[in-house]
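Coordinate inspection notes
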Amino acid sequence: MKDFLTIRALGRSDLESLIDRAAGLRDAIGLGEPVEQRLLGRCVANVFFEPSTRTRLSFDLAAQRLGAHLLTFDPATASTSKGESVRDTAITIAALGADILVVRHAEEGVPQLIADWTGLPVVNAGDGTNEHPTQALVDAVTLKRHFGELDGLRVGIVGDISHSRVAGSLVHALPVLGVDVKLIGPREWLPPGAHLPAAISFDEALPGLDVVYLLRVQTERGGAITESYVRDYQLSLTRSSLLREDAVIMHPGPMNRGVEITDDVADSPRSLIAEQVRNGVPARMAVLGALAGSDAWL
Ligand code: CP
């Protein structure tokens, strides 16, 4: 694997290899077992032009657990604030000795441009409304660990789908893995395109779901929080009582409590949200490890 720019580049067997690798790494970390130092002496640069807590910190730890040196770019204190271009910034970080770049940017396609400009392996850590492929991997690992199998699972992705790069990756990855995906939200937030599964209403869908995957309203990308959205799509304890007993709730974070989810649901035993965060480090280790060498981690 040269880059990890889009989940669409991976077929079922590649995705399953990454999921199994991540699950094995999660077990090894949990047991305190040593992990192969795939990136010993190499340098991973986290180049986030947009804020992040989960993704950036989990890539930090993933790189360190694989033995890498770490370069962290902070746009608030970097020379981009003095007018340096994205291209010059990327070329500078490559010249400093980075071997792998992890890139987040508000504009779609910037990780691909940086891969072209530098010739280095690049991981897309979220580009505009396009994709967030490692989040989709994290979520697939979480589903596999919880349910054992992905084939036939029924997942409802709920909310601001058209502005969500997480949804942009999930709608491609989950069906490849045999998951039945339903898109649920206000009509104006459902993506155009006949290739996507049909939209249905939230209350109608709830009893038939194994997983409710909630999304934050992406106000920074054009989404707006309205009273009608909260009324019709917030997952409250009352609404979650329509779910099957063994159904679970997921959210990529950051949550807006009181908007798409209530406190009692976010903190309920049904919630896999903290588990998603825990799987972030091994999933990103699996991706960095697959980029590190020619022998097969993928
Ligand atoms: N899920 C996710 O991308 O969270 P961060 O923005 O905190 O990285």
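You'll find the structure just up there.
Our subject in this report is the structure included herewith. (Residues numbered from 1 in each chain as written. Predicted model: local features only at pLDDT ≥ 70, side-chain atom pairs only at ≥ 80, totals over all residues. Heavy atoms only, no water.)

What follows concerns the site of the ligand. Close to the ligand lie Ser52, Thr53, Arg54, Thr55, Arg104, His132, Gln135, Pro252 and Gly253. In this structure, an oxygen atom belonging to the ligand sits 3.0 Å away from a main-chain N or O atom of Arg54. Here Pro252 contributes a backbone N or O atom positioned 2.9 Å from a nitrogen atom of the ligand. Compared with its free state, where it exposes 250 Å², the ligand has 92% of that area covered by protein. Comparing atom positions with the cavity grids shows the ligand to sit within the largest pocket. In terms of residue class, the shell around the ligand is made up of one nonpolar, six polar and two charged. (Near = heavy atom within 4 Å. Polar contact = N/O pair within 3.5 Å; in protein donor to acceptor, adjacent residues only side chain to side chain. Areas by Shrake-Rupley, 256 points an atom, 1.4 Å probe, with all protein chains shown as cover. 1 Å grid on protein atoms, 1.4 Å probe; cavity = no way out; pocket = protein on both sides within 12 Å on 5 of 7 lines; lining within 4 Å. Sits in = over half its atoms within 2 Å of the grid points. Nonpolar A, V, L, I, M, F, W, Y, C, P; charged D, E, K, R; others polar.)

Read from one edge to the other, the open sheet built from four strands follows the order 2-1-3-4, with strand pairing classed as parallel. On the outer flanks of this sheet lie strand 2 (69–73) and strand 4 (122–127), each paired with one strand and no other. With strand direction ignored, the average angle separating the axes of adjacent strands in the sheet is 10°. Two elements, strand 1 (residues 43–48) and strand 2, share five bridges in a ladder whose sense is parallel. Opposite Cys43, over in strand 2, you have His69 as the bridge partner. (Pairing = 2+ DSSP bridges. Helix = DSSP H or I, 4+ residues; strand = E, 2+ residues; numbered from the N terminus. Axes fitted to C-alpha atoms, helices over the stretch in contact; angles between N-to-C directions.)

Under the 1.5 Å per step criterion, the end-to-end length of helix 1 (residues 12–31) is 28 Å for 20 residues, consistent within 8% with the ideal 28 Å. Buried within helix 1 we find Leu15, Leu18, Ile19, Ala22, Ala23, Leu25, Arg26 and Ala28. Backbone geometry just after helix 1 places Gly32 at a positive phi near 70°. (Expected span 1.5 Å × (residues − 1). Buried < 20%, exposed > 50% of the residue type's maximum accessible area, 1.4 Å probe, protein only.)

So, on to the packing of aromatic side chains. Each pair of aromatic rings is reported with the distance of its centres and the angle of its planes. The tally for this structure, following the rule as stated, stands at four aromatic pairs. With a centroid separation of 4.9 Å and 55° between ring planes, the pair formed by Phe49 and Phe73 is classed as tilted. Here Phe73 lies in strand 2 and Phe49 lies in the loop between strand 1 and helix 2 (54–65), a separation of 24 residues in the sequence. For the residue pair Phe49 and Phe73, the accessibility class agrees, reading buried in each case. Geometrically, the ring pair formed by Phe202 and Tyr233 is stacked, given 6.2 Å between the ring centres and 20° between the ring planes. Placement of the pair is Phe202 in helix 7 (residues 202–205) and Tyr233 in helix 8 (residues 227–233), with a sequence separation of 31 residues. Take Phe202: its relative accessible area is 2%, and that puts it in the buried class. (Phe/Tyr/Trp six-rings, centres within 6.5 Å; stacked < 30°, edge-to-face > 60°.)

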